[in-house]
Each structure stands twice: as structure tokens, then as C-alpha cells.
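Given next are the chains, with one letter for each unit.
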Amino acid sequence: MRTEKIRKAGITIDNRDALARMVRVVTKPPSTFKEISLLPDNRGGKMVLFAIAVIMTCNMIAIMSKLDGLIMNSEDFESYLVIDLPILVPISIPLFGTDDITGLRNSLDFDISNTDKFNYISELKKNNSIIYSVSSKFKQSNFHFGIFGKWFLNRLKMIDYFFVQDDNSKLILSKYSIQNVVKSGDSRFTSVIKTLNENKRIDSIEKFIYNNKCFIAGSVWSRDIKIIKESIINSNIKSIVAPHEISQKQINELENIFGNSCVKLSCLKKEEDFQKKVLIVDSIGQLRYIYKYANFCYVGGGFSKNSLHNILEPSVFSCPVIIGNLYYGFKEAEDLIDLGGVLSIKNSIEFLQVFSELCISEEKEKKLGKINSDYVYENEKNNRKVIDSLIKTLQ
């Protein structure tokens with residue numbers, strides 16, 4: 001049997017083992033990237049498997065972020081239910097996966113994503129499980145509502161309760177005789193309120209701002225930077241810039257733009273560093289806490305379709321939000337633009353106008369900020385419907 005040296009891994013495997021590794025790529029998501037790295041050199045096959053791995057990983061991250069915000073942080077819910085083992089369910093494939101849930105009996109299962117695990121639904125119902133689809137959002141264009149989606153639609157009907165984000169999802173489900181539906185909103189509202197209540201302080205940033213007005217640009221891409229950079233450079237307020245991609249290339253780009261007036265968060269140590277005008281966030285996981293220090297902010301991604309980042313994170317801190325003009329399909333952005341708490345701009349000239357107004361007008365800043373925080377709290381109340389229903393079921 002011919003063997004191939006895997007240069008990256010520094011070990012030897014033969015082609016006979018390759019098929020087994022491919023199976024593990026599909027059925028064992030946590031080891032996906034490791035298994036791909038150990039496959040024999042086959043560029044085409046690796047690219048396909050890598051694409052599968054990225055999709056699966058993104059789905060798992062989305063599921064866990066929503067689960068953390070909606071269920072596991074609710075004190076009322078925790079008093080009734082203890083979660084002994086969190087389980088990540090991989091993308092459904094008919095030949096695999098049913099053995100993973102044979103040990104579940106009379107349990108509650110939560111589908112907290114827009115990607116339904118149809119094969120697992122059938123198996124869960126065999127075990128008399130109660131299935132909730134939480135924070136769901138449906139479109140008429142979804143495959144299971146199409147001409148070839150009857151099998152998937154039948155599995156969808158096995159779900160006991162749907163808690164959907166909007167009226168349109170409820171209407172679509174009712175067209176297919178699915179009536180056990182409640183409009184409950186998006187679990188992200190609960191998550192951002194949790195962040196607010198944590199009231200995490202970051203001493204270095206407090207010292208950097210030091211009673212100055214502060215503008216924060218969060219999750220920004222290169223295209224966003226081109227729009228906002230001149231306004232930041234020419235202003236007399238403090239600015240914090242957090243790139244979406246924390247890479248050396250992106251950090252270097254920002255340092256070149258802002259020059260000697262900027263400092264990285266990781267280097268914020270000397271007294272002279274705190275006198276700089278622009279702070280570059282070069283670490284992951286802190287932005288949602290940093291937003292509390294903003295007088296107003298810009299959230300990136302709004303100049304590419306379906307790429308707008310989470311505007312609820314700054315909104316919960318009563319912060320006016322500026323975004324790009326490609327926000328359609330993001331319900332919270334559409335709602336808050338109609339209400340006036342979020343402002344959309346098309347270019348650097350429009351951004352400068354809005355930026356300047358918010359720098360000067362404290363009254364406008366407070367007005368817009370209140371609209372945003374009120375919106376978050378009002379929608380968070382809808383999430384109580386999920387918890388109340390679960391408690392009733394458990395009782």
C-alpha cells in the first residue's frame with residue numbers, strides 16, 4: 001500500500017486510512033479540522049471537506065451563543081432544570097447520528113438555530129421527547145416549504161412548540177397547518193441584557209477615556225475604516241476602534257492610518273499611551289463590554305449584504321448607533337432605523353455629518369440612546385414566554 005508523507009502533520013498515514021478519516025470529518029465535528037490536516041494530499045477533496053467544516057463550525061458557534069443567552073443564564077429556568085451534559089448536534093446525514101440520542105428518554109430538546117436537524121427530530125420523537133424550536137426564523141424560500149421539501153416539512157411538524165422571532169415566520173408556519181407557534185423574539189436580547197448586568201469594568205479603558213467623550217467603532221472591516229477614518233482623525237474626542245478580524249495585517253493597517261495618535265490595547269501601559277487619541281482593540285471577546293464606554297458608536301459590516309454585525313450589543317447601553325446602508329433583513333436594524341435610534345449612512349460625507357452632530361448634541365445622544373435601550377428591554381420581555389412555557393411543561 002502506497003503511503004504519503006503529510007508534511008504539515010509530520011506523520012505518515014496510508015490511503016486505506018483516508019476513508020475512515022473522511023467519515024470522522026462528517027460525523028465528529030470537534031475533530032474536523034484535525035482530520036482534514038491528516039488526509040493525504042488531494043487538494044480538491046480537502047477543499048470540499050474544509051467547506052463542510054467551516055459550515056459546521058459556524059452552526060455550532062451560533063447554537064452555543066444563543067443557548068448561553070436564552071436558557072442557561074435564566075435563574076428561573078435553572079431552578080427547575082439542571083443541564084448535566086451539553087451536546088452539540090452535527091449536521092444531519094441519514095446514514096449517521098441516530099445512535100447519539102438513543103440514551104435520551106422523556107427529555108426536552110432545544111433547536112436553537114435556523115438549521116433544523118431533521119433526522120434527529122424523528123429519533124427524538126421515538127423517545128417521546130418534547131421538542132422546542134427556539135428563536136426560529138422562517139422564510140417562504142426555505143427548502144422545506146418548496147416542491148421537494150415534503151419530507152422535511154413533515155419532520156418540522158413533529159416539533160411540539162415553535163417560538164419565532166417575527167410575525168412573518170408565524171404566518172408562514174400557519175400556512176402549513178403548524179399552529180403551535182408563539183412570537184417570542186430573539187434570544188440575543190436576553191444575552192445583551194446579561195452583559196449589561198454584569199457591569200464589567202475595564203480600568204485601562206476608563207483611564208484612557210478619562211471624562212472625555214468617546215466614539216467606538218466596533219467590528220469594522222477595511223471598507224468601514226475608509227468611511228470613518230477622516231472623521232476620527234480630525235475630531236477632538238477619544239475613539240476606540242475594534243476590527244472584526246483581529247489579525248496582524250488588520251492591526252498594522254489601522255496603525256498606519258492613525259499613526260502616532262493611536263495605541264493598541266495590549267500596549268496601554270505607559271502614562272503617555274493614555275494621552276493618545278485612538279485606541280485599537282487587538283484582543284478578542286471584549287468588545288461587548290467596551291461598548292458601555294461609548295457616547296455613540298458605529299457598527300461595521302453594513303456595506304456588504306448580510307454582513308451587519310450585532311447592533312444590540314451597544315444599544316443595550318443606551319448608545320446611538322451608526323451603520324451602513326445594507327441593513328435589510330436585519331429586523332432590529334430595520335426597526336430601530338424606523339424608530340430613530342439607529343442612523344444609516346451611505347458614504348464618508350454622510351458619516352461626518354452624523355458624527356459631528358452627535359459630538360456636539362448631548363440631547364440628541366440621550367434621545368437616540370434611550371430609543372435603543374427601550375427597544376432592547378421591550379423585546380426581552382417576549383423571551384419570558386419561552387421560559388414560562390418551559391416551566392409549565394416541567395411542572
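Residues numbered from 1 in each chain as written. Predicted model: local features only at pLDDT ≥ 70, side-chain atom pairs only at ≥ 80, totals over all residues. Heavy atoms only, no water.

Trainee: Would you mind going over the pairing of strand E7 (residues 214-220) with me for this structure?
Mentor: Remark: a regular strand shows side chains that alternate across the two faces of the sheet. The element E7 is largely enclosed, with a buried count of seven among its seven residues. By the bridge criterion, six bridges tie E7 to strand E8 (residues 238-243) in an arrangement that is parallel. Along E8, the bridge assignment pairs cysteine 214 with lysine 238. You can see the chain leave E7, run along helix H10 (residues 222-234) and come back into E8, and the turn it takes is right-handed. For E7 and strand E11 (residues 296-299), the ladder comprises four bridges, and the chain directions are parallel. The residue bridging glycine 218 from the neighbouring strand is valine 299, located in E11. (Buried < 20%, exposed > 50% of the residue type's maximum accessible area, 1.4 Å probe, protein only. Helix = DSSP H or I, 4+ residues; strand = E, 2+ residues; numbered from the N terminus. Pairing = 2+ DSSP bridges. Right-handed = clockwise from strand over helix to strand, strands pointing away.)

Trainee: Quick question: what am I supposed to make of the nonpolar core here?
Mentor: The nonpolar side chains of a soluble globular protein tend to be buried, and buried together. Residues Ile205, Ile216, Ile240, Ile311 and Ile323 are the most contacted members of the largest nonpolar core, which totals 40 residues. Leave out the neighbours within four places in its chain, and isoleucine 311 touches Val299, Val321, Ile323, Glu332, Ala333, Leu336 and Val342. Membership of the second largest hydrophobic core comes to 26 residues, among which are Ala217, Ile232, Phe258 and Ile322. (Core = buried A, V, L, I, M, F, W, Y, C linked by side-chain atoms within 4.5 Å. Contact = heavy atoms within 4.5 Å.)

Trainee: Looking at this structure, how should I read unusual backbone geometry?
Mentor: We note that serine 177 has phi near 60°; this positive angle belongs to a residue other than glycine. Note on serine 177: relative accessible area 60%, which makes it exposed.

Trainee: Looking at this structure, how should I read a nonpolar patch on the surface?
Mentor: On the surface, Phe143, Ile147 and Phe148 cluster together into a nonpolar patch covering about 430 Å² of accessible area. By secondary structure assignment, the location of phenylalanine 143 is in the loop between strand E4 (130-136) and helix H6 (150-156). (Patch = residues over 30% accessible without salt bridge, like charges linked within 9 Å, V, L, I, M, F, W, Y side chains within 5 Å. Areas by Shrake-Rupley, 256 points an atom, 1.4 Å probe, with all protein chains shown as cover. Salt bridge = Lys/Arg side-chain N within 4 Å of Asp/Glu carboxyl O.)

Trainee: What is the right way to look at the packing of H10 against helix H15 (residues 348-360) in this model?
Mentor: Between H10 and H15, whose axes approach to 9 Å, the crossing angle comes to 40°. Classed by the angle they form, the pair H10 and H15 counts as oblique. The two elements H10 and H15 cross, and the hand of that crossing is right-handed. Contact residues: Ile227, Ile228 and Ser231 in H10; Ser348, Phe351, Leu352 and Phe355 in H15. A breakdown of the residues in the contact of H10 with H15 according to their chemical character gives five nonpolar, two polar and no charged. (Axes fitted to C-alpha atoms, helices over the stretch in contact; angles between N-to-C directions. Parallel < 35°, antiparallel > 145°, perpendicular 65-115°, else oblique. Left-handed = near helix turned anticlockwise from the far one by under 90°. Nonpolar A, V, L, I, M, F, W, Y, C, P; charged D, E, K, R; others polar.)

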